[in-house]
Amino acid sequence: LLLDPCPLGTAGATLAGAEGETRYEKFLRQHVDNPRTSTLAAHRYCETMLARRRVTAPGRPCKPSNTFVHAPAAELVAACSQAPDPETGFQSTPSALSLTACRLRGGDTRPPCAYRARQAQQHVRVACRDGLPVHLAGTYTAPQ
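Read on for a plain summary of the structure. The structure displayed is predicted, hence computed values, not measured ones.

1. Here we look at the overall build of the protein
Here comes step 1: Counting its secondary structure elements, the protein contains three helices and six strands.
Here comes step 2: Along the protein, helices and strands appear, N-terminal first, in the series β-α-α-β-α-β-β-β-β.
Here comes step 3: Residue pairs at least 24 apart in sequence account for 63% of intrachain contacts in the protein once pairs closer than 6 positions are excluded.
Here comes step 4: Surface summary for the protein: the accessible area is close to 7,800 Å², and the carbon and sulfur share equals 56%.

Have a look at this one:
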């Protein structure tokens, strides 16, 4: 189980960033990379994408973890039509999706940020608002 800390209440009801993006737009910016961006150095995928998508920025602490999903946004929107988990209230994608999980190396959250990347096929757990995903709560492998 990978948890992606991005508290639901931080963004406010409608606007998520100074640019005036909605929470869904922020979700797409921080978590959807489809097709997967090929970087010059594969081991630098996380650092490159987190900086390019403004998830990390100079002078701000490094995010402990972040997941990029390599599937159409519609597949994550589809999770919002699934029944919520009775314990967590989160909804899950009907099928496993290709993703890259980025986890901060070491414990220091001060830049420069160095990440370890792990590619996987997993179900994605999201929080939805008005039928759209607004928070990636984690990923998991379904029992066989």
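2. Examining the side chain of Arg53
Here comes step 1: Along the chain, the position of Arg53 falls in the loop between α2 (45-52) and β2 (65-69).
Here comes step 2: For Arg53, the side chain forms a polar contact with the main-chain oxygen of Leu28, separated by 3.5 Å.
Here comes step 3: From its side chain, Arg53 meets the backbone oxygen of Val32 in a polar contact 2.7 Å long.
Here comes step 4: Setting aside residues up to four positions removed in sequence, Arg53 forms contacts with Leu28, Arg29, Val32, Asp33 and Phe68.

3. Observations regarding the pairing of strand β6 (residues 132-140)
Within a regular beta strand, the side chains point alternately toward one face of the sheet and then the other, so they alternate between its two faces.
Here comes step 1: Of all nine residues in β6, seven are buried; the element is thus mostly enclosed.
Here comes step 2: Across seven bridges, strand β5 (residues 115-129) lies against β6 in antiparallel orientation. Each bridged residue has a counterpart across the sheet, and for Arg125 the counterpart in β6 is Gly138.
Here comes step 3: Counting the residues that bridge the hairpin from β5 to β6 gives two residues, and of these Asp130 lies at a positive phi of roughly 55 degrees.

4. Description of the packing of aromatic side chains
Here comes step 1: With the rule as written, the count across this model stands at one aromatic pair.
Here comes step 2: Judged by centre distance (5.8 Å) and plane angle (85 degrees), the ring pair of Tyr45 and Phe68 falls under edge-to-face. With Tyr45 in helix α2 and Phe68 in strand β2, this pair connects stretches of sequence that are 23 residues apart.
Here comes step 3: Under the relative-accessibility criterion, Tyr45 is labelled buried at 0%.
Here comes step 4: Just above the ring of Tyr45 sits the side chain of Arg36; from NZ or CZ to the centre is 3.9 Å.

5. What to know about the environment of Gly131
Here comes step 1: Counting through the fold element by element, Gly131 comes out in the loop between β5 and β6.
Here comes step 2: When the C-alpha positions of Gly131 and Ser81 are compared, they lie 7.1 Å apart, and in sequence the two are 50 residues distant.

6. Describing α2
Here comes step 1: Of all the residues in α2, the buried ones are Tyr45, Cys46, Glu47, Met49 and Leu50.
Here comes step 2: Buried residues along α2 sit against β2, β4 (97-104) and β5.
Here comes step 3: Directly after α2, the chain includes Arg54, whose backbone phi takes a positive value near 60 degrees.

7. A look at the state of the cysteines
Here comes step 1: Throughout the structure, instances matching the rule amount to three disulfides.
Here comes step 2: Each disulfide pairs two cysteine sulfurs, and for Cys46 the partner residue is Cys102, the sulfurs being separated by 2.1 Å. Handedness here is read from the sign of the S-S torsion; for Cys46 and Cys102, about -85 degrees, the answer is left-handed. Taken together, the residues span a long stretch of sequence, with Cys46 in helix α2 and Cys102 in strand β4 at a distance of 56 residues.

8. A closer look at the nonpolar core
Here comes step 1: In this structure, Phe27, Val69, Leu76, Leu97, Val124 and Val126 are the most contacted members of the largest nonpolar core, which totals 13 residues.
Here comes step 2: Listed by contribution, the elements that provide at least two residues to this core are α3 (73-79), β4 and β5.
Here comes step 3: Setting aside residues no more than four positions away along its own chain, Val126 makes contact with Phe27, Leu76, Ala79, Phe90, Gln91, Pro133, His135, Leu136 and Ala137.
Here comes step 4: If you look at the next biggest cluster of nonpolar residues, it comprises eleven residues, including Tyr45, Met49, Phe68 and Cys102.

Basis of the calculations
- Residues numbered from 1 in each chain as written.
- Predicted model: local features only at pLDDT ≥ 70, side-chain atom pairs only at ≥ 80, totals over all residues.
- Heavy atoms only, no water.
- Helix = DSSP H or I, 4+ residues; strand = E, 2+ residues; numbered from the N terminus.
- Contact = heavy atoms within 4.5 Å.
- Areas by Shrake-Rupley, 256 points an atom, 1.4 Å probe, with all protein chains shown as cover.
- Polar contact = N/O pair within 3.5 Å; in protein donor to acceptor, adjacent residues only side chain to side chain.
- Buried < 20%, exposed > 50% of the residue type's maximum accessible area, 1.4 Å probe, protein only.
- Pairing = 2+ DSSP bridges.
- Phe/Tyr/Trp six-rings, centres within 6.5 Å; stacked < 30°, edge-to-face > 60°.
- Lys NZ or Arg CZ within 6 Å of the ring centre and 35° of its normal.
- Disulfide = S-S within 2.5 Å.
- Core = buried A, V, L, I, M, F, W, Y, C linked by side-chain atoms within 4.5 Å.

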